[in-house]
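Chain by chain, the residues run as shown.
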Amino acid sequence: MSNSGGADSKQLVLIPGVADEPFYISMQCGARDEAAKLGYRLDTQAPTKFDAGAQTPVLTGVVANRPAGILIAPTHATAMAGPLAQAENAGIKIVEVDTALQDTSVALSSISSDNKKGGALAAATLAKLVGEKGPVLVINTKAGTSTTDERAEGFQDAIKNYPGITALGVQYNNNEAAQAASIITATLAAHPDLAGVFATNLSSAEGAATGLRNANKLGQVKLVGFDASPKQVEDLKAGTVQALIAQDPAGIGATGVDQVVAALEGKPVTRNIQTAMIAITQTDMDANAKYFYKRTC
């Protein structure tokens, strides 16, 4: 096994979870800039679906070209383990960005947002918005999604710090906005004094906003969403959501490049790195525009 790994010692490839997603496009921008700064080239090869069946052939094609390093957001914690182990066996340095395998022996480093901390930040933000009193609800996507489950868990733990707030627990919308809207309708029927909602992802936030709009409660019931894609930023500007918890995908991409280059140059590598998040409200959105996710670099 050669130390440089690939046939091309200056070539890196980013394989995000899915193509045309502002979160991953922002990650690509950060990674590409950092690679250029360090004297490397970075290409991006993205699957058309967030799915192991779609990502595996992309990875196989990349491995065949023998780059020096691969940055990847594995689309499944176990199904991507075999294909990634083959890449590692070919002498290619592997770094995980955003998501990770269960098997921690394959990648040299994993960089992701601290989702529990993000959930705690959402709790503190929502508590402030509702004046630290009243019932609040969490709408989560699919049970068993590690990132969003961690956000919900972080929120549930942190909301206990506010004795005036009643936590109504977590409900799942199966990543369907319409289902999130129905959850809001049912919750308002049982708790007409609902004060706030934390939506762990885009579909949950969009559906929650629809439910609140239908009940004429938009802006009255405070809504905190997650991520800062162009659609979510529009919703913040319009007052449809009162706050967003933004990740730093460009920072994740740049840090991923730093780690893979360190490995290639025989420098120390950090196994796990968690990046910060920021709460953005309408009043400070202009000052935090650098956290808005991009459609193009």
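Heads up: these notes are all about the structure in this document. Starting from 1, residues in each chain are numbered consecutively following that chain's sequence as written. At least 70 in pLDDT is required for a residue's local features to be given in this predicted model, at least 80 for side-chain atom pairs to be given and counted, and no such filter applies to totals for whole chains, interfaces and linings, which use all residues. The basis for every side-chain value is the complete set of non-hydrogen atoms in the structure, without hydrogens or water.

What to know about the overall build of the chain
Next, step 1: By the criteria applied, helices consist of DSSP H or I runs no shorter than four residues and strands consist of E runs no shorter than two, each listed in order from the N terminus. When helices and strands are counted, the chain shows nine helices and twelve strands.
Next, step 2: Atoms counted for the radius of gyration: C-alpha only. Globule rule: 2.2 Å times the number of residues to the power 0.38. For the chain, whose C-alpha radius of gyration is 20 Å, the value lies close to the compact-globule estimate of 19 Å for 297 residues.
Next, step 3: Along the first, second and third principal axes, the C-alpha set of the chain runs to 65 × 35 × 30 Å.
Next, step 4: Accessible area is worked out with a 1.4 Å probe on protein chains only. A residue is then buried under 20% of its type maximum, exposed over 50%, and partly exposed in between. Taking all 297 residues of the chain together, 54% fall into the buried category.

Details of the pairing of strand 4 (residues 93-97)
Next, step 1: Most of strand 4 is tucked away, with four of its five residues classed as buried.
Next, step 2: Inspection of the sheet shows strand 3 (residues 67-72) paired to strand 4 by four bridges, in the parallel sense. When the bridges of strand 4 are listed, Ile 72 appears paired with Glu 96.
Next, step 3: We call two strands paired when DSSP finds no fewer than two bridges between them. The pairing of strand 4 with strand 5 (residues 109-113) spans three bridges and is classified as parallel. Across the sheet, the residue bridging to Glu 96 is Ser 110, located in strand 5.

A few points about the pattern of salt bridges
Next, step 1: Criterion for a salt bridge: a side-chain nitrogen of Lys or Arg within 4 Å of a carboxyl oxygen of Asp or Glu. Inspection of every chain in the model, using the stated rule, returns five salt bridges.
Next, step 2: Put simply, Lys 116 and Glu 153 hold a salt bridge, and the shortest N to O gap is 3.1 Å. You can see Lys 116 sitting in helix 4 (residues 115-129) and its partner Glu 153 sitting in helix 5 (residues 146-159), a full 37 residues away along the chain.
Next, step 3: Classification of Glu 153 as partly exposed rests on a relative accessible area of 37%.
Next, step 4: Between Lys 231 and Asp 235 there is a salt bridge, with its nearest N and O atoms 2.9 Å apart. Separated by four residues within a single helix, Lys 231 and Asp 235 lie in helix 8 (residues 230-238), roughly one turn from each other.

Focus: the nonpolar core
Next, step 1: Residue types Ala, Val, Leu, Ile, Met, Phe, Trp, Tyr and Cys, when buried and joined through side-chain atoms within 4.5 Å, form a set referred to as a nonpolar core. Membership of the largest hydrophobic core comes to 49 residues, with the highest contact counts inside it found for Leu 12, Leu 42, Ile 139, Val 197, Leu 223, Val 257 and Ile 280.
Next, step 2: The contact definition used throughout considers only heavy atoms, calling two residues in contact when any of these lie within 4.5 Å. Contact partners of Val 197, with chain neighbours within four places excluded, come to Leu 126, Leu 137, Ile 139, Ile 184, Ala 208, Val 221, Lys 222, Leu 223 and Val 224.
Next, step 3: Formed by 20 residues, the second largest nonpolar core is a distinct cluster that contains Ala 127, Ile 165, Phe 226 and Met 277.

Structural notes on the environment of Gly 82
Next, step 1: Relative to the helices and strands, Gly 82 resides in helix 3 (residues 81-89).
Next, step 2: Look at Gly 82 and you get partly exposed, because its relative accessible area is 39%.
Next, step 3: Spatially, the C-alpha atoms of Gly 82 and Val 106 are 9.5 Å apart, while their sequence positions differ by 24 residues.

Some words on the state of the cysteines
Next, step 1: The disulfide definition used here is simple: a pair of cysteine sulfur atoms within 2.5 Å. Using the criterion set out here, one finds one disulfide in the structure.
Next, step 2: Note on cysteine connectivity: Cys 29 is disulfide-linked to Cys 297, with sulfurs 2.1 Å apart. Given an S-S torsion of about -105 degrees, the disulfide between Cys 29 and Cys 297 has left-handed geometry. On the criterion of sequence distance, the pair formed by Cys 29 in helix 1 (residues 22-37) and Cys 297 in the segment after strand 12 (278-281) is long-range, its members being 268 residues apart.
Next, step 3: In this structure Cys 29 comes out as buried when scored by relative accessible area, which is 4%.
Next, step 4: Judged by relative accessible area, Cys 297 falls into the partly exposed class, the value being 47%.

Some details on the sheet that holds strand 1 (residues 8-15)
Next, step 1: In spatial order, the strands read 2-1-3-4-5-11; together these six strands make up an open sheet with parallel pairing. Two strands close off the open sheet at either side, each with one partner strand: strand 2 (41-44) and strand 11 (272-275). The mean inter-strand angle of the sheet, taken between neighbouring strand axes irrespective of direction, is 20 degrees.
Next, step 2: Helix 2 (residues 52-64) contacts strand 1 and strand 3 of the sheet and is inclined by roughly 160 degrees relative to strand 3.
Next, step 3: In the packing of helix 9 (residues 249-264) onto the sheet, contacts are made with strand 1, strand 2, strand 3, strand 4, strand 5 and strand 11, and the angle to strand 4 comes to roughly 160 degrees. Orientation is described by axes fitted as lines to C-alpha atoms, over the contacting stretch for helices, and by angles from 0 to 180 degrees between their N-to-C directions.

Considering the packing of aromatic side chains
Geometrically, a pair of aromatic rings is defined through the distance of the ring centres and the angle of the planes.
Next, step 1: A pair of Phe, Tyr and Trp rings is counted when the ring centres sit within 6.5 Å of each other, with Trp represented by its six-membered ring. The angle between the planes then sorts it: under 30 degrees is stacked, over 60 is edge-to-face, the rest tilted. Taken as a whole and assessed by the stated rule, the structure comprises four aromatic pairs.
Next, step 2: Each ring, one from Phe 23 and one from Tyr 293, has its centre 5.6 Å from the other, and the planes form 70 degrees; the classification is edge-to-face. On the criterion of sequence distance, the pair formed by Phe 23 in helix 1 and Tyr 293 in the segment after strand 12 is long-range, its members being 270 residues apart.
Next, step 3: With relative accessibility at 6%, the residue Phe 23 sits in the buried group.
Next, step 4: Judged by its relative accessible area of 5%, Tyr 293 falls in the buried class.
Next, step 5: Ring pairs connect the aromatic residues Phe 23, Tyr 24 and Tyr 293, which therefore count as one cluster.
Next, step 6: Its guanidinium or amino end placed over the ring of Tyr 40, Lys 10 lies 4.3 Å from that ring's centre, counting from NZ or CZ.
Next, step 7: Either the NZ atom of lysine or the CZ atom of arginine qualifies as a charge over a ring when it sits within 6 Å of the ring centre and within 35 degrees of the ring normal. Across from the ring centre of Phe 226, 3.9 Å away, lies the NZ or CZ of Arg 151, which sits over that ring.

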